[in-house]
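Descriptive structure summary
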Amino acid sequence: MRRSLVAGNWKMNGSRSQAQNLVGQILDQSSLLKAVDIVICPPSVLISQVIRQLEGTEIGVGGQNLGLHAEGPYTGEISGPMLQDQGCRFVIVGHSERRHLFGESDSVVAKKTAFAYSCGLRPIVCVGETLQERENGETFKVVERQLRAVLEATGINIFPEGIVAYEPVWAIGTGQTAAPHQAQEVHVFIRRLLEKQQVDVGTETRILYGGSVNNDNAGDLFTEEDIDGGLIGGASLKATDFLSICRAVTQSC
Ligand code: PGA
């Protein structure tokens with residue numbers, strides 16, 4: 001039985017006081033944790049503050065990215081061991097904004113995923129097609145290519161600790177979410193790819209959906225059998241929205 005997971009990706013948003021308020025409101029509803037795993041991925045400068053505030057709770061904290069190296073002359077980069085040292089348990093890898101705005105190739109994403117895992121972090125590996133790719137009928141091909149690159153670098157053994165997030169690029173931050181059946185067919189496809197490598201691992205790995213999830217569409221998305229939770233961007237910045245998405249997951253279990 002896969003336990004649902006909702007991760008909030010704050011992206012480059014939030015001040016210390018906003019973070020304090022947001023986390024405080026999430027903590028007030030921490031009884032939700034009986035039914036769902038919650039992970040918060042703040043910008044790196046807020047990680048230590050958020051971790052301090054969440055100390056002693058089951059809410060996980062993750063980085064939004066990591067560098068390819070453990071340490072050294074890489075100005076502006078943050079390494080896996082640093083995230084781990086701060087108390088992070090998760091890290092998002094291969095988010096489409098990293099792929100498209102910062103030129104991260106499949107092979108860089110694969111190396112980062114392997115490195116994250118070797119640092120004791122649970123990677124949340126993002127895959128997903130652009131609108132053009134979907135319109136060209138290439139959705140499955142693209143998702144398979146992205147996932148295979150990761151599997152070649154890491155092997156199947158990083159799952160089910162690792163998590164996959166299917167995030168169609170055309171749905172991220174656009175308000176245009178995938179229809180539940182559209183998301184579900186890609187989730188099943190991803191699960192079959194993992195199962196082909198090792199059946200039980202494929203069955204146990206959590207596959208999150210991301211892309212304009214909000215409190216109106218979360219319920220329908222999460223009732224799909226292979227959607228095990230969400231990676232939430234915009235709606236994770238408002239406690240009421242984020243918490244109602246968490247509640248929607250618990251209701252669909
Ligand atoms: P969104 O972002 O929920 O704002 O579409 C999701 C993500 O980028 O992870």
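Just so we're clear, the structure is a prediction, and the values are computed from it rather than from any experiment.

Thoughts on the site of the ligand
Looking at the ligand, there are 13 residues lining it, with K11, H95, E167, G173 and S212 nearest. Taking S212, its main chain carries an N or O atom lying 2.7 Å from an oxygen atom of the ligand. Here G233 contributes a backbone N or O atom positioned 2.9 Å from an oxygen atom of the ligand. Protein chains shield 95% of the accessible area of the ligand, which is 280 Å² for the free molecule. Residues belonging to the shell around the ligand are distributed by class as follows: four nonpolar, seven polar and two charged.

Observations concerning the pattern of salt bridges
Counted under the stated rule, the structure contains 15 salt bridges. In this structure, R2 and D228 form a salt bridge, with 2.8 Å as the shortest nitrogen-oxygen distance. Taken together, the positions of R2 in the segment before β1 (4-9) and D228 in the loop between α10 (218-222) and β8 (229-232) put the pair 226 residues apart, joining distant regions of the chain. According to the relative accessible area criterion, R2 is partly exposed, its value standing at 21%. Using a relative accessible area of 6% as the deciding quantity, one classes D228 as buried. Here R191 and D228 are joined by a salt bridge, their closest N and O atoms 2.9 Å apart. Within this pair, whereas R191 is found in helix α8 (residues 180-197), its partner D228 is found in the loop between α10 and β8, the two being separated by 37 residues in sequence. Residue R191 is classed as buried on the basis of its relative accessible area of 2%. Where salt bridges share partners, they join R2, R191, D226 and D228 into one cluster.

A few points about helix α5 (residues 106-118)
In this model, α5 (13 residues) spans 18 Å end to end at C-alpha, consistent with the 18 Å of a helix rising 1.5 Å per residue. Residues D106, V109, A110, K112, T113, F115 and A116 constitute the buried set of α5. Considering only its buried residues, α5 is in contact with α3 (80-86), β4 (90-93), α4 (96-101), β5 (122-127) and α7 (139-154). The positive-phi residue at the C-terminal boundary of α5 is G120, with phi of around 85°.

Some points on the side chain of R134
For R134, the location among the structural elements is in helix α6 (residues 131-135). Classification of R134 by relative accessible area gives buried; the value is 19%. Within the local environment of R134, its side chain forms a polar contact with the side chain of Y166, the two groups lying 3.3 Å apart. Not counting residues up to four positions away in its chain, the partners in contact with R134 are E129, T139, Y166, W170, Q182 and V186.

Notes on α8
A rise of 1.5 Å per residue sets the reference length of α8, with its 18 residues, at 26 Å; its end C-alpha atoms lie 26 Å apart and thus fit the reference within 8%. A183, Q184, V186, H187, I190, R191, L193, L194 and E195 are the residues of α8 that are buried.

Here we look at the sheet that holds strand β7 (residues 207-210)
Sheet strands pair by backbone hydrogen bonding; their relative direction is either parallel or antiparallel. Reading around the barrel, the eight strands line up as β1-β2-β3-β4-β5-β6-β7-β8 and close back on themselves, with parallel pairing between neighbours. Strand-to-strand twist of the sheet, defined as the mean angle between neighbouring strand axes without regard to direction, takes the value 25°. Lying over the sheet, helix α2 (residues 47-54) contacts β2 (36-41) and β3 (60-63), oriented at roughly 170° with respect to β3.

Considering the packing of helix α1 (residues 16-28) against α2
In the contact formed by α1 and α2, the axes pass within 10 Å of each other and the chain directions differ by 30°. Considering the angle they form, α1 stands roughly parallel to α2. Relative to α2, α1 is oriented so that their crossing is right-handed. Residue-level inspection shows R16, A19, Q20, V23, G24 and L27 of α1 in contact with α2, the latter providing Q49, V50, Q53 and L54. Per-class residue counts for the contact of α1 with α2 are five nonpolar, four polar and one charged.

Some thoughts on the layout of surface pockets
Taken as a whole, the largest pocket spans an internal volume of roughly 580 Å³. Lining the largest pocket are 22 residues, with K11, M12, Q64, N65 and R98 positioned closest to its centre. Broken down by element, the lining of the largest pocket gets its largest block of residues, three residues, from α4. Across the lining of the largest pocket, the residue classes break down as ten nonpolar, eight polar and four charged.

Quick word on the packing of aromatic side chains
What the rule picks out here adds up to two aromatic pairs. Measuring from ring centre to ring centre gives 4.8 Å for F140 and F189, while their planes differ by 50°; the resulting arrangement is tilted. You can see F140 sitting in helix α7 and its partner F189 sitting in helix α8, a full 49 residues away along the chain. Over the ring of F102 we find R98; its NZ or CZ atom is 4.1 Å from the centre of that ring.

Rules used throughout
- Residues numbered from 1 in each chain as written.
- Predicted model: local features only at pLDDT ≥ 70, side-chain atom pairs only at ≥ 80, totals over all residues.
- Heavy atoms only, no water.
- Near = heavy atom within 4 Å.
- Polar contact = N/O pair within 3.5 Å; in protein donor to acceptor, adjacent residues only side chain to side chain.
- Areas by Shrake-Rupley, 256 points an atom, 1.4 Å probe, with all protein chains shown as cover.
- Nonpolar A, V, L, I, M, F, W, Y, C, P; charged D, E, K, R; others polar.
- Salt bridge = Lys/Arg side-chain N within 4 Å of Asp/Glu carboxyl O.
- Helix = DSSP H or I, 4+ residues; strand = E, 2+ residues; numbered from the N terminus.
- Buried < 20%, exposed > 50% of the residue type's maximum accessible area, 1.4 Å probe, protein only.
- Expected span 1.5 Å × (residues − 1).
- Contact = heavy atoms within 4.5 Å.
- Pairing = 2+ DSSP bridges.
- Axes fitted to C-alpha atoms, helices over the stretch in contact; angles between N-to-C directions.
- Parallel < 35°, antiparallel > 145°, perpendicular 65-115°, else oblique.
- Left-handed = near helix turned anticlockwise from the far one by under 90°.
- 1 Å grid on protein atoms, 1.4 Å probe; cavity = no way out; pocket = protein on both sides within 12 Å on 5 of 7 lines; lining within 4 Å.
- Points joined across faces, edges and corners; volume = space filled by probe spheres on them.
- Phe/Tyr/Trp six-rings, centres within 6.5 Å; stacked < 30°, edge-to-face > 60°.
- Lys NZ or Arg CZ within 6 Å of the ring centre and 35° of its normal.

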